[in-house]
Amino acid sequence: MSVRRLDPILIDRIAAGEVVERPASAVKELVENAIDAGASSIDVTIEAGGRTLIRIVDDGSGMSAADLALSVERHATSKLPDGDLTRIATLGFRGEALPSIGSVARLDIVTRARTDVDGGAAHRITVDAGRRGPVQPASRSPGTTIEVRDLFAATPARLKFLKTDRTEAQTVAQTVKRLAMAHPDIRFGLGGDHLAGFDLLPCGEGAEGRLTRLAQVLGEEFSANALAVDATRDGVRLTGFIGLPTFNRANRESQHLYVGGRPVRDKLLMGAVSAGYADHLMRDRFPVLALFLTCDPDFVDVNVHPAKAEVRFRDPGLVRGLLIGAMRETIEGALHRATTTGGARMGDAFARRPAAPFRNSSPATRWSSDLSPSAPLTYPPGGFAEASQSAPIWSSSARRDNAALSDDVPFFPPQARVEHHSHAGPASEERSHSAAPLGAARAQLHETYIVAQTADGVVIVDQHAAHERLVYERMKAARATSGIAVQLLLVPIVVPVDEAARGDLIEAGPLLDKLGLTLEGFGPGAVAVQAVPQDLRGCDVAALVRDVAAILAEDGRAGPLERRLDHVLATMACHHSVRAGRRLVPEEMNALLREMERTPGSGQCNHGRPTYVELKLSDIERLFGRR
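Calculation rules
- Every chain is numbered independently, its residues counted from 1 as its sequence is written.
- Only residues with pLDDT of at least 70 are given local features in this predicted model, and only at 80 or more are side-chain atom pairs given and counted; all residues enter the totals for whole chains, interfaces and linings.
- Note that the side-chain values use all heavy atoms of the structure and ignore hydrogens as well as water.
- Numbering of helices and strands runs from the N terminus, with a helix taken as a DSSP run of H or I at least four residues long and a strand as a DSSP run of E at least two residues long.
- Each residue is placed in one exposure class: buried if its accessible area under a 1.4 Å probe, protein chains only, is under 20% of its type's maximum, exposed if it is over 50%, and partly exposed if it falls in between.
- Note on contacts: a residue pair qualifies if any of its non-hydrogen atoms lie within 4.5 Å across the two residues.
- The method behind every accessible area is Shrake-Rupley, applied with a 1.4 Å probe, and residues are considered shielded solely by the protein chains displayed.
- Two strands are counted as paired when DSSP detects at least two bridges linking them.
- By nonpolar core is meant a set of buried Ala, Val, Leu, Ile, Met, Phe, Trp, Tyr and Cys residues that side-chain atoms within 4.5 Å join together.
- Note on ring pairs: Phe, Tyr and Trp rings are taken, using the six-membered ring of Trp, and paired if centres are within 6.5 Å. Classes follow the plane angle, with under 30 degrees stacked, over 60 edge-to-face and the rest tilted.
- Charges are assigned to positions over rings by a cutoff of 6 Å between ring centre and Lys NZ or Arg CZ, combined with an angular limit of 35 degrees from the ring normal.
- When a carboxyl oxygen of Asp or Glu is within 4 Å of a side-chain nitrogen of Lys or Arg, the pair counts as a salt bridge.
- A helix's residues, less one, multiplied by 1.5 Å, set its expected span.
- The quantity called pLDDT is the predictor's confidence in a given residue, expressed from 0 to 100.
- Comment: axis = line fitted to C-alpha atoms, over the contacting stretch for helices; angle = value between 0 and 180 degrees taken between N-to-C directions.

Colleague: Explanation requested: the overall build of the protein in the structure shown.
Modeller: For the protein, the count of helices and strands is 20 helices and 25 strands. Scored against the burial criterion, the 627 residues of the protein give a buried share of 49%. Considering only contacts within the protein whose residues lie at least 6 apart along the sequence, 71% involve residues at least 24 apart. Counting every atom, the protein has about 29,400 Å² of accessible surface; 54% of that belongs to carbon and sulfur.

Colleague: Explain the pairing of strand β10 (residues 226–233) here, please?
Modeller: One face of the sheet, then the other: side chains in a regular strand alternate in exactly this way. Two elements, β10 and strand β11 (residues 236–243), share eight bridges in a ladder whose sense is antiparallel. When the sheet's bridge partners are listed, A231 is paired in β11 with L238. Hairpin geometry of β10 and β11 is characterised by an intervening segment of two residues between the two adjacent antiparallel strands and by a positive phi of about 50° at D234.

Colleague: Hey, could you run me through the pairing of strand β19 (residues 440–445) in this one?
Modeller: By the criterion of burial, β19 is predominantly enclosed, with five of the six residues buried. Here five bridges tie β19 to strand β20 (residues 449–454), and the two strands are oriented antiparallel to one another. Bridging from a neighbouring strand, Q444 pairs with I450 of β20. Between β19 and β20, which follow one another and run antiparallel, lie three residues, and H446 among them has a positive phi close to 50°.

Colleague: So what exactly am I meant to see when it comes to the nonpolar core here?
Modeller: A general feature of soluble globular proteins is that nonpolar side chains tend to end up buried together. In terms of nonpolar packing, the biggest core is built from 92 residues, with I42 and L293 touching the most fellow members. With residues up to four places along the chain from it excluded, the contact list for L293 reads V236, R237, L238, Y258, V259, G260, L269, F313, V319, L322 and L323.

Colleague: Help me understand the packing of aromatic side chains, please; the structure alone is not making it clear to me.
Modeller: The description of two aromatic rings rests on the distance between their centres and on the angle between their planes. On inspection of all chains with the given rule, the structure shows three aromatic pairs. Between the aromatic rings of F222 and F247, the centroid separation amounts to 6.4 Å while the plane-to-plane angle is 50°, which identifies the pairing as tilted. One end of the pair, F222, is in helix α8 (residues 220–224); the other, F247, is in the loop between β11 and β12 (248–249), and 25 residues separate them in sequence. This pair shows no difference in class: F222 is buried, exactly as F247 is. When the ring of F299 is compared with that of F313, the centres are 6.2 Å apart and the planes differ by 50°; the resulting orientation is tilted. Here F313 lies in strand β18 (residues 312–313) and F299 lies in the loop between β16 (289–294) and β17 (300–301), a separation of 14 residues in the sequence. Residue placement shows R210 over the ring face of F292; its charged tip is 3.8 Å from the ring centre. It is R249 that lies over the ring of F247; its NZ or CZ is 4.7 Å from the centre.

Colleague: Please explain the pattern of salt bridges as it appears in this structure.
Modeller: Charged atoms that come close allow side chains of opposite charge to pair. Within this structure, the stated rule accounts for 22 salt bridges. The partner of D199 in a salt bridge is R187, with the nearest N and O atoms 2.9 Å apart. Here R187 lies in strand β8 (residues 187–192) and D199 lies in strand β9 (residues 198–200), a separation of twelve residues in the sequence. By relative accessible area, which is 45% here, D199 ends up partly exposed. One salt-bridge network, in which partners are shared between bridges, spans D43, R187 and D199.

Colleague: Before we go on, may I ask you to explain helix α2 (residues 23–36) in this structure?
Modeller: Each full turn of the α-helix corresponds to 3.6 residues, which orients residues three or four apart in the same direction. Across its 14 residues, α2 extends 20 Å between first and last C-alpha, which sits within 8% of the 20 Å expected from 1.5 Å per residue. Along α2, the residues that are buried comprise P23, A24, S25, A26, V27, K28, E29, L30, V31, E32, A34 and I35. Looking one or two places after α2, you find G38, whose phi comes out positive at around 80°.

Colleague: Please explain the confidence of the model for the protein as it appears in this structure.
Modeller: It should be kept in mind that the predicted coordinates are not to be read in detail where pLDDT is low. The pLDDT averaged across the protein works out to 81; a share of 80% of its residues lies at or above 70. Considering only residues more than four positions removed or in separate chains, one finds that residues 358–424, a stretch of pLDDT under 50, has 113 contacts.

Colleague: Please clarify how the sheet that holds strand β25 (residues 612–616) should be interpreted in this entry.
Modeller: Two modes of strand pairing occur in sheets, parallel and antiparallel, and in both the strands are linked by backbone hydrogen bonds. Spatial ordering of the open sheet is given by β19-β20-β21-β25, a layout of four strands whose pairing is antiparallel. The open sheet terminates on both sides in strands that have one partner only, identified here as β19 and β25. When the angles between neighbouring strand axes are averaged without regard to direction, this sheet yields 20°. Here strand β21 (residues 457–462) runs beside β25; their pairing, made up of five bridges, is antiparallel. Along β25, the bridge assignment pairs V459 with E614. The strands that helix α19 (residues 586–598) touches are β19, β20, β21 and β25; relative to β19, the one it contacts most, it runs at about 115°.

Written out as structure tokens, the structure is:
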């Protein structure tokens, strides 16, 4: 068969296969055109998920009759006046959207220019399955209205690949929302069947306006749990908001990344987000964020993907480093903050739980905060972290058998018995604790949870998860500065392991040495531990070694050294932390709270779970019907 030139309409339909994958693709292209036209208000209406109708109405600059005729021609655009593809400053630039859509549907455009061109008259053009009609007079205020009817009618095979009307409608809604987040100064409206419409009013300028728009789209909960990001490096600026690590989702759908105002799903940027939250999130959870990169147009190539969903940077290392550094600094600056939704979830759980009669419980379930006057504890100025090195975390008197506790405390039911103290601290110290963000310790529940009273509510702390984070951050800081202090063992501890684990441990020997864990092979199926980090003295060495071996097997050899070091450190910290079931005295509980307030990332444990939840007085009052 000889070579022949394809029919122009067939060429447009081939192009449409790349540009217009589904109704949401057409909506994206048309809304981006409206934004590029300087619109301050954009309305989107769809029917049947966008199959039968897509209507875009804007108040942008509009087009003259001559421009309207050219706009439906292939590769005709007003957005590359000098033809320089290295300096693209608009969302669209290829001139493919309108002819591609017109080749697979019925496209109707009515437009009127804001200038006096054409005597202020409006004009219309129709393209039906690639066949262009003439430009005709019409009536309209300045701006443009575009209607797309019977999408893919000219290519019915494509209709078989579309989802249900409801699914396509929801995809359209997500597309409009993503564009709205990048342009808070523009009003966006969406209506149609199979979706909950919205009308996003324009927001103010700057970071405050941006956060207002993000709250409109992502919900008020995001606004209450968002951290502002603003960092610049070598002409590249990163702005936006990232959610607290404990404010997370089960997938990446709530990660919104923009380059030059264009929403992208770029692997480099998503990888940087994962690295920025590493050490703060569970592996199957993902952060909620909206980040905006702005840079000189010639620093980024946006012409590398048919749907412009990916970009290429001239210096990808600079961009990755900027994102990771800015996110880590922002998260660490939040110190102990945890999501505000924990108390709300707790209140919902209480509200759903049916009332149950009081019943007797074992002594182990009592509230306790016992301290023997004969065994006082003192803490150095460094707080709980230093105290854990120089003094036992719990006193011998606080480890008494629970059955030995007095049963003569009146008025309290067994489920909520509180043991009183006769040696309260000075009033000034008490006021200091009460005014602190995490409040003053009042009791210990089930020898696992610390209850503290704040100025306007109650905080419940998971003592093991919180101390685990504190130990981890202290060991990381030591590794980065003076090195981790080592405790040599008088007699090496031999730990039996399988051959695969033994091989991983021996190979990782230099890495483990950096962390204060020194070991060597001890015949087949065993290793001998010569030293452990000083912070971990007294821990179960055998269990620690087996856990480290599991981490090494999970991470493999491909992970970055820093990530592997942090992962092993997190495992070590878990072995040294205050365990659930340990009785703590008031001084210890308050010292733990104060140390949390000073420690970056202490709002979540090493596994990404929250270390505390907070109930405001308003939440408690709702539980009792006072509000």
